[in-house]
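An overview of the molecular structure
Listed below, chain by chain, are the residues.
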Amino acid sequence: MRKFLALIVTPLVILAGCGGSGTKGGTSPPPPPPPPTQVIATPGPPNVEKLVVDNGPMGLDTPAVNTAFVTVTVCVPNTNNCQNIDHIEVDNGSVGLRIVSGATTVDAMGNVIPGTPFNLVNLALPAVPDPNNGNNVLAECLQFADGFSWGSVNTADIKLPVSGETATGVIVHVIGAPSAGDPSKATPTCLAPPPINADLCKGLENTVSCFGANGILGVGPFKLDCQSTSDCVPVSPICSGGNPCYPYYATTYFSCTTAATPSCAQATVHVAQQLPNPVARFATDNNGVIVELPAVGANGAAAPWNGSLVFGIGTQGNNALGSATKLPADPSSGAISATLNGNTYSFSYLDSGSNANFFPTTSIPSCVGGNAGFLCPQPPGTTVNESATLQGTNGMTLAADFTIADADTLFMGSNAAFSNLAGSNYDSTPGAANNTLDLGLAFFYGRNVFMGIENPNVSAPYYAY
């Protein structure tokens, strides 16, 4: 899943229980205990990466908001030919390392290197052959909530430079790589249909300015991006309304010729050729992640707003689950259930790749103009308090209250981190499910949010805080 909104939750409060005898003499019950103090792990070896919320990489048309980034070192396999790619977005709602061809590179000190954009040819990352046709190579079309991304499938060694975590021979997606050819000429196309294609990027997020980052580190609930225990197979595309056909699945692989003008068609790929969750490929600390970001005030916080991305759960002294409550997710979708305003949203999730809080609302006005997509309660400056309850597949529940502020007012300053930004994901299409509460990055401020990766045939993925 990816960007486009976020939200804030107030600190979790454990309410005092009422005993069978009740209170005496009309006195009030004692106040609930304060929420636990947040402890953020210090970036460094062996398992903590620096996480930063800022205005994004060079090349953006508008500054990023509520987007958490790390730097990833990408290397030609088994060599020291490497590049540090900064501003890779951390997304616990998707799987796999994806880098935008043309992304900014930085030196060992974190400084941007002028005139040296990321270039697939310079790195010479090996292409992944089609397992069913050795003369062809693989490409991938990935669908996000706000557009499609198309590019080649390659192999790389990767390192998280602050923590030192490494993985070798990792399948990665290089978005916008020329070797993948024209996405409009693939069969089916990797072009979004209306109304997604109405924006300036026309629904194709193949550049840094359209993608909003130099890439994405998908550390979501699954070990592989398509099918964790079996082949990823072609499915009949969606063809309707006179629009070009596009893939049915959010993750679709293609087999492409190696001609100067490649021809690409849907392909079957085995487990070994699918993009893996990079965390699952670490030698240790490979069963999940924790996103740790400090709380922000009602008006937001200026960049850089620093936190930590902790690898592993219960594998080191700094990543114990502790008092956090686990909410197991559906093993096939990674979704949990939520209730809000008397409505049940059966396909809900916590998503660090969403930059505001999405839920299907028509009662709170949306912003107009440049901030369209976000909510702007009226009159200007108004805030709205919402109370949600999340429920895992085991019946356990957690409170998830949040506040919605007027996005136009929030964006009058230059802050990059907001805990009260929201938007509507209401779909007016007849028969649309409208069953998703998407708790974005702002939900994460002030609490440590766990994402447990599936263990196929053993345990389901889970969220916890």
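Note that this is a predicted model, so its numbers are computed, not measured.

Rules and cut-offs
Residues numbered from 1 in each chain as written. Predicted model: local features only at pLDDT ≥ 70, side-chain atom pairs only at ≥ 80, totals over all residues. Heavy atoms only, no water. Disulfide = S-S within 2.5 Å. Helix = DSSP H or I, 4+ residues; strand = E, 2+ residues; numbered from the N terminus. Buried < 20%, exposed > 50% of the residue type's maximum accessible area, 1.4 Å probe, protein only. Phe/Tyr/Trp six-rings, centres within 6.5 Å; stacked < 30°, edge-to-face > 60°. Lys NZ or Arg CZ within 6 Å of the ring centre and 35° of its normal.

Moving on, we come to the state of the cysteines. Counting across every chain of the model gives seven disulfides. Between the sulfur atoms of Cys 141 and its disulfide partner Cys 190 the distance amounts to 2.1 Å. On the sign convention where negative is left-handed, the bridge of Cys 141 and Cys 190, at about 85 degrees about the S-S bond, is right-handed. With a gap of 49 residues between them, Cys 141 in strand E7 (residues 133-144) and Cys 190 in the loop between strand E9 (166-175) and helix H2 (208-211) connect regions that are remote in the sequence. Through a disulfide, Cys 367 is tied to Cys 376; the S-S separation comes to 1.9 Å. Negative torsions about the S-S bond denote left-handed disulfides, and the value of about 90 degrees found for Cys 367 with Cys 376 makes this one right-handed. In terms of burial, Cys 367 and Cys 376 fall into one category: buried.

Under the criterion given, the structure shown has eleven aromatic pairs. Aromatic side chains Trp 150 and Phe 254 sit 5.0 Å apart centroid to centroid with 80 degrees between the ring planes, which places their arrangement in the edge-to-face category. Of this pair, Trp 150 sits in strand E8 (residues 147-159) while Phe 254 sits in strand E11 (residues 251-256), and the two are 104 residues apart along the sequence. Like Phe 254, Trp 150 is buried. On the numbers, 5.7 Å between centres and 70 degrees between planes, the contact of Phe 359 with Phe 402 is edge-to-face. Remark: Phe 402 occurs in strand E20 (residues 397-404) and Phe 359 occurs in strand E18 (residues 357-359); sequence separation between them is 43 residues. Exposure remark for Phe 402: the relative accessible area of 1% places this residue in the buried category. Ring pairs connect the aromatic residues Phe 374, Phe 411 and Phe 418, which therefore count as one cluster. The aromatic ring of Tyr 462 is capped on one face by Lys 326, whose charged end is 4.3 Å from the ring centroid. Above the face of the Phe 443 ring, Arg 447 is positioned so that its terminal group lies 5.0 Å from the ring centre.

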